[in-house]
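Chain residues, written in single-letter form:
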Amino acid sequence: MDRLNAMETFANVVEAGSFSGAARRLNVGQPAISKTVAQLEKRLGVRLLLRSTRGLAPTEAGQRFYERARRAIDEADEADRSARDAGAGLAGPLRICTAVTFARLRILPYLKPFLDAHPDLNIDVVLDDRHIDMLEEGIDVALRMGTLSDSDMTARKIAQSPRSVVGTPAYFAMAGVPASPADLRRHAAVIHGPSGGHAWEFRRRGNRISVAVSGRIKVNAAEGVRAAVLADMGLAIVSEWMFEPELKSGALKRVLTEWELPPLDLWAVYPGGRMASAKARAFIAYVEELLSRPA
């Protein structure tokens, strides 16, 4: 029995919900599908499918087998594509996803050299601060920040950004400059929720302190944090990627710089445990090099 072919047959049965549906997908006769699944169950010594009034459904063992089989099939497909890509160069579409502000400040202004180096490549950039369904949206690679929670994804950390407490000179002229993390309780905070939370954690020489902050404005996207902070409405704890131009120009001021904040991690994330295509790998390598340049 061809193990990969048997896995692919079984995966198509699960996804189609019937032997006939899998047969149409694979353009083979239904008896061949039934025979392959029966041989697979015999080899494994376990029942993989159950019949119901709505068709076929995997057993518990069948579901576990399907999930691993699908990953193996996807990796085999990606291996084929990677070999073809290596021979043909980078060409065709590459669909990426990343947060709006990060893309606007750190990715989109610097894409031209990458596109110039690969004239047959087209990049479709999906801008979304949410963690969208990569498989459903056809995303080849996503750039995600912070802590990852989706265990079905394949991810690699590619960069880190320092984080700082920042505000405008005009805000600090009105409200004063905090001398310690505890002083933040008396300041207006711009909350980036839900990920920003209402408690900010600081470290110094092995000591940790968590400070509960409050403010009259809470936003769910980094663009909102930028707008509120730059409008002198409060201070915020942010990645320095988010305010790089203003930090350089002096339009924004860092405070509590003697205290450390946990850095913000940037991850390259691939859907469904798949291997990265040559196009995705080349793009991520470019982003890594781009972010390693001195600010």
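Just so it is clear, the structure is predicted and the values come from calculations on it, not from any experiment. (Residues numbered from 1 in each chain as written. Predicted model: local features only at pLDDT ≥ 70, side-chain atom pairs only at ≥ 80, totals over all residues. Heavy atoms only, no water.)

Caption draft 1: Here's a closer look at the sheet that holds strand E6 (residues 154-161). In space, the 5 strands of this open sheet follow the order E4-E3-E5-E14-E6, with mixed pairing throughout. The open sheet has two free edges, formed respectively by strand E4 (121-127) and E6, since each of these has just one partner strand. For this sheet, the mean angle separating the axes of adjacent strands, direction not counted, is 20°. (Pairing = 2+ DSSP bridges. Helix = DSSP H or I, 4+ residues; strand = E, 2+ residues; numbered from the N terminus. Axes fitted to C-alpha atoms, helices over the stretch in contact; angles between N-to-C directions.)

Caption draft 2: A look at the nonpolar core. Grouped together as the largest cluster of nonpolar side chains are 22 residues, with contacts concentrated most on Val-141, Leu-143, Ile-158, Leu-266, Phe-283 and Ile-284. At the level of secondary structure, the elements contributing two or more residues to this core comprise strand E3 (92-98), helix H5 (100-107), strand E5 (141-145), E6, strand E14 (264-270) and helix H11 (278-292). Considering each element in turn, this core owes the most residues, 7 residues, to H11. The contact partners of Leu-266, leaving out residues within four places of it in the chain, are Phe-102, Leu-143, Arg-144, Met-145, Arg-156, Lys-157, Ile-158, Ala-159, Trp-241 and Leu-291. Membership of the second largest hydrophobic core comes to 19 residues, among which are Phe-19, Ala-22, Leu-56 and Phe-65. (Core = buried A, V, L, I, M, F, W, Y, C linked by side-chain atoms within 4.5 Å. Buried < 20%, exposed > 50% of the residue type's maximum accessible area, 1.4 Å probe, protein only. Contact = heavy atoms within 4.5 Å.)

Caption draft 3: The sheet that holds strand E12 (residues 236-239), seen in detail. The strand order E12-E7-E13 describes an open sheet built from 3 strands, whose pairing is antiparallel. Looking at strand neighbours, the two that pair on one side only are E12 and strand E13 (253-255), the edges of this open sheet. Within the sheet, the average angular offset between the axes of one strand and its neighbour, ignoring direction, is 55°. Relative to E13, strand E7 (residues 163-167) runs antiparallel, the two being bridged by 3 bridges.

Caption draft 4: Up close: helix H3 (residues 30-44). With 15 residues, H3 extends 21 Å from end C-alpha to end C-alpha; this agrees with the ideal 21 Å at 1.5 Å per step. Here H3 has its buried residues at Ile-33, Thr-36, Val-37 and Leu-40. Buried residues along H3 cover an arc of 95° about the axis, so they all sit on one side. H3 presents Pro-31, Lys-35 and Lys-42 as exposed residues on the side facing more than 90 degrees away from its buried surface. Following H3 by one or two positions, Gly-45 adopts a phi angle in the positive range, close to 70°. (Expected span 1.5 Å × (residues − 1). Arc of directions from axis to C-beta.)

Caption draft 5: Spotlight on the pattern of salt bridges. Taken as a whole, this structure holds 15 salt bridges when the rule is applied. In this structure, Lys-112 and Asp-116 form a salt bridge, with 2.8 Å as the shortest nitrogen-oxygen distance. Note that Lys-112 and Asp-116 are positioned in helix H6 (residues 112-117) at a spacing of 4 residues, about one turn of the helix. Lys-112 sits in the exposed class, given a relative accessible area of 56%. Between Arg-186 and Asp-183 there is a salt bridge, with the nearest N and O atoms lying 2.7 Å from each other. For Arg-186, a relative accessible area of 67% puts it in the exposed group. (Salt bridge = Lys/Arg side-chain N within 4 Å of Asp/Glu carboxyl O.)

Caption draft 6: Representation of the packing of helix H2 (residues 19-26) against H3 within the structure. Viewed as axis vectors pointing N to C, H2 and H3 meet at an angle of 110°, and their least axial separation amounts to 8 Å. Between H2 and H3, the angle falls in the class roughly perpendicular. In the packing of H2 onto H3, the handedness of the crossing is right-handed. For the pair H2 and H3, contact is made by Phe-19, Ser-20, Ala-22, Ala-23 and Leu-26 and by Gln-30, Ile-33, Ser-34 and Val-37, respectively. (Parallel < 35°, antiparallel > 145°, perpendicular 65-115°, else oblique. Left-handed = near helix turned anticlockwise from the far one by under 90°.)

Caption draft 7: Spatial organisation of unusual backbone geometry. At Asn-27, a position not held by glycine, the phi torsion is positive, near 60°. As for its position among the elements, Asn-27 is in the loop between H2 and H3.

Keep in mind these numbers describe shape, not what the thing actually does.
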